[in-house]
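# A structural walkthrough
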Amino acid sequence: MEAPVAKQALDTSNLPFDNGDFYEFEALLSDAERGKLADARDFLDKEVRPIANEYWLKAEFPMELIPKIAELDVMSPMHRQGHSALYAGLLHAEFTRADTSVATFMGVHDGLFTGSIEALASEEQKAEWLPDIYAMKKIGAFGLTEPLGGSDVAGGTRTTAEKQGDTWVLNGAKRWIGNATFSDWVVIYARDVADNQVKGFLVDTSLPGYAASKIENKISLRSVQNADITLTNVEVPEHFKLAGANSFKDVNKVLKVTRLAVAWQAVGQQMAAFEVARKYALTREQFGKPIGANQLIQEQLTQILGNTVASMGMMVRLAQLEDQGIARDEQSALAKAFTTARMRESVALGRSILGGNGIVTDYEMAKIFTDAEAIYSYEGTYEINTLVAGRAITGMAAFV
C-alpha cells in the first residue's frame with residue numbers, strides 16, 4: 001500500500017496587500033516618509049505586537065516601551081518634524097494595527113496633550129515644556145471629559161477655576177482620562193467662575209489635592225490606564241495657565257485635529273482585522289481545504305477590505321485638505337462617524353471568520369473586536385459626529 005502524499009503548506013509569502021492598502025495609498029508619501037513609516041512598522045511588529053495580548057489581559061500598560069518609542073523619534077510628526085498629514089495618519093494607523101492601547105497612549109500623549117501645548121501655549125511656555133514632552137521624559141494626559149459631562153461638556157463643564165492673586169484654584173472631577181495614573185502632567189480644562197469661559201491649565205500630577213484612580217473592569221483598551229481624577233483646591237501658578245486657552249472654541253482647535261487621528265485609528269483597526277482574518281482563512285482547514293477557498297469567506301474578506309479601502313480613501317483626501325489648511329470641522333466629524341461605523345462592521349466580520357477562536361485572545365481578533373468599541377465612542381460619539389455633519393448639510397442644529 002502506497003504511503004499517503006503529504007500536503008504542501010500554502011505559500012502566502014508572495015500575496016500582496018497583507019495590511020489592507022489595496023489601492024497603495026502609501027505610495028503618495030515621499031521617499032523619506034515611506035522609509036520612516038517602514039521603520040515604525042518594523043518596530044511595532046517586533047516590539048509591540050508580541051507583548052500586546054499579555055498586557056491587555058493583565059490590564060497593565062507596558063511601561064518599558066516608552067523609552068523605546070522615544071528612541072524611535074515619532075513625536076509630533078507634523079508640527080515638530082514637518083511631515084505631511086498623510087504620513088501622520090498612516091503612522092497612527094500603523095500603531096493601531098499593532099495594538100490599539102499603545103496607539104491610544106500615543107494619541108493622548110502626542111495628540112491631545114502635546115497638541116494642547118502646541119496649539120494653546122505661549123512661545124515661552126512651549127520653549128520651557130515641549131523639549132521634555134517631545135523626548136517623552138514627561139508624559140502627559142488630557143482632562144476634558146467629566147463624570148456627568150461627555151458630549152455636552154462644551155457648555156456644561158463643571159470643573160471650576162478661580163483666580164486668587166497669582167494662582168488658579170481648581171476644583172472638580174474628570175473621568176476617562178487616559179495615562180492619568182502615571183502621567184507627570186495633565187492639561188485640565190476648567191470653567192473660569194469669573195467669566196464662565198473654559199480655560200486650560202498644565203497641572204503637575206504631584207500637586208496637593210490632585211488624585212487619580214484607575215477605572216477597572218473594562219472590556220476595551222484594557223492596557224490603557226484610564227482614570228477618574230479629582231481636583232480638590234489644586235493650586236496652579238499663573239504661568240501654568242495656557243496662554244491661548246480662553247474659551248471652548250480654543251479647545252476645539254485641538255479636538256478637530258485629534259478627531260482625525262481617531263478616524264485613522266479606525267483605519268488601523270480594520271487593517272488589523274483584515275490581516276488576522278486573512279491569515280486565518282489561508283491556514284485554517286475545514287473539509288480538507290483552507291476556509292479561504294470558500295465563497296462566503298472570500299465575500300467576508302472582500303467586505304472587510306472594501307471597508308478599509310473606503311475609510312482609507314476618505315482619510316487620504318482629508319489629510320490633503322489638512323495639509324492645505326482648508327479642512328473643516330464637519331469633514332472631520334463625518335470621517336470619524338463613517339470610518340468607525342465601517343470599522344465596527346469589519347471587526348465583526350473578522351471575528352466571524354475565526355469562529356469560536358474569534359473570542360479567544362490568543363488569536364488576536366478578540367482584542368481587535370473589543371478594542372473597536374472604544375474607538376467608536378471616544379473623540380465624539382458616532383451620533384454626535386453624525387449630527388455635526390448633519391448640521392452642515394441642513395443648516396439646522398439637532399442639538400444645542
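Worth saying up front: this structure is predicted, and the values here are computed from it rather than measured. Counting of residues starts from 1 at the beginning of each chain's written sequence and follows it residue by residue. Since the coordinates come from a predicted model, pLDDT governs what is reported: local features require at least 70, and pairs of side-chain atoms require 80 or more to be given and counted, while whole-chain, interface and lining totals use all residues. Computation of side-chain values covers all heavy atoms of the structure but excludes hydrogens and water.

Now for the overall build of the protein chain. Secondary structure elements are defined from DSSP: runs of H or I of at least 4 residues count as helices, runs of E of at least 2 residues count as strands, and each element is numbered from the N terminus. Each helix and strand in the protein chain was counted, giving eleven helices and nine strands. A radius of gyration in this sense is built from C-alpha atoms; the matching globule rule multiplies 2.2 Å by the number of residues raised to 0.38. Taken over C-alpha atoms, the radius of gyration comes to 22 Å for the protein chain, in line with the 21 Å a tight globule of 400 residues would show. Taking the principal axes of its C-alpha atoms as reference, the protein chain extends roughly 95 × 45 × 40 Å. A total of 400 residues make up the protein chain; the buried ones form 52% of that total. Contact between two residues is taken to exist if any of their heavy atoms lie within 4.5 Å; hydrogens are not considered. Here the contacts in the protein chain between residues at least 6 apart in sequence split such that 75% fall between residues at least 24 apart. All tallies of charge rest on Lys and Arg as positive and Asp and Glu as negative; His and the ends of each chain are not included. Charge placement uses NZ in Lys and CZ in Arg. For Asp and Glu, CG and CD serve respectively. Side-chain charges of the protein chain comprise 39 positive and 52 negative groups, with the mean position of each set lying 4 Å from the other. Exposed residues in this analysis have more than 50% of their type's maximum accessible area, buried residues have under 20%, and partly exposed residues fall in between, with area computed by a 1.4 Å probe over protein chains only.

Below, the discussion takes up the pattern of salt bridges. Opposite charge on two side chains lets them pair, provided their charged atoms get close. Any Lys or Arg side-chain nitrogen found within 4 Å of a carboxyl oxygen on Asp or Glu counts as a salt bridge. Summed over all chains, the structure comprises 25 salt bridges. K58 is paired through a salt bridge with E60; the nearest N and O atoms lie 3.7 Å apart. A residue is classified by how much of its surface remains accessible, and K58, at 38% relative accessible area, is partly exposed. Linked through salt bridges whose partners overlap, the residues forming this network are E26, R41, D45, R49, E94, R97, E275 and E364.

Before going further, it helps to examine the confidence of the model for the protein chain. Per-residue confidence for the protein chain gives a mean pLDDT of 93; residues scoring 70 or more make up 94%. Along the chain, pLDDT gives the predictor's confidence residue by residue, from 0 to 100. Counting interchain partners and residues more than four positions distant, the pLDDT-below-50 stretch residues 1-10 has three contacts.

Attention now moves to the packing of aromatic side chains. Ring pairs are drawn from Phe, Tyr and Trp, using the six-membered ring of Trp, whenever the two centres fall within 6.5 Å, and their geometry is named by plane angle: stacked under 30 degrees, edge-to-face over 60, tilted for the rest. Under the definition given, this model contains ten aromatic pairs. For the pair Y376 and Y382, a centre-to-centre distance of 5.7 Å together with 10 degrees between the ring planes defines the contact as stacked. In this structure Y376 comes out as buried when scored by relative accessible area, which is 12%. Should the NZ of a Lys or the CZ of an Arg lie within 6 Å of a ring centre and within 35 degrees of the ring normal, that charge is described as sitting over the ring. Note that R344 overlies the ring of Y376, its terminal NZ or CZ placed 3.9 Å from the centroid.

Residue count minus one, scaled by 1.5 Å, sets the expected span of a helix. Compared with the 16 Å implied by 1.5 Å per residue over twelve residues, the 15 Å span of helix α5 (residues 123-134) between its first and last C-alpha is a close match. Among the residues making up α5, those that are buried are Q125, K126, W129, L130, I133 and Y134. Angular distribution of buried residues about the axis of α5 spans 125 degrees; they occupy a single face of the element. Along α5, the residues that are exposed and aim more than 90 degrees away from the buried face are E124 and A127. Phi turns positive, to about 60 degrees, at M136, one or two residues after α5. The arc under discussion is defined with respect to the helix axis, by the directions toward the C-beta atoms.

On any regular strand, side chains alternate: one points to one face of the sheet, the next to the other face. Sheet topology note: the strand β2 (residues 160-164)/strand β3 (residues 167-177) ladder contains five bridges and is antiparallel. Its bridge partner lying in β3, K163 is registered against W168. Counted between consecutive antiparallel strands, the loop separating β2 from β3 contains two residues, among which G165 sits at a positive phi close to 70 degrees. Pairing between β2 and strand β4 (residues 185-192): two bridges, direction parallel. In the sheet register, T160 faces β4, and the bridge partner there is R191. Strands are treated as partners if at least two bridges between them are detected by DSSP.

Once that is clear, we can look at the pairing of strand β1 (residues 140-143). Where burial is concerned, the two faces of β1 agree: the one with G140 and F142 and the one with A141 and G143 are both buried. Where β1 lies against β4, four bridges are found, and the strand directions are parallel. Counterpart to G143 in the pairing with β4 is I188.

This brings us to unusual backbone geometry. Non-glycine residue W176 carries a positive phi angle of around 65 degrees. Checked against the element boundaries, W176 lands in strand β3. For N217, which is not glycine, the phi torsion reads 65 degrees and is therefore positive. Relative to the helices and strands, N217 is located in the loop between β6 (210-214) and β7 (227-237). The class of N217 is exposed, set by a relative accessible area of 73%.

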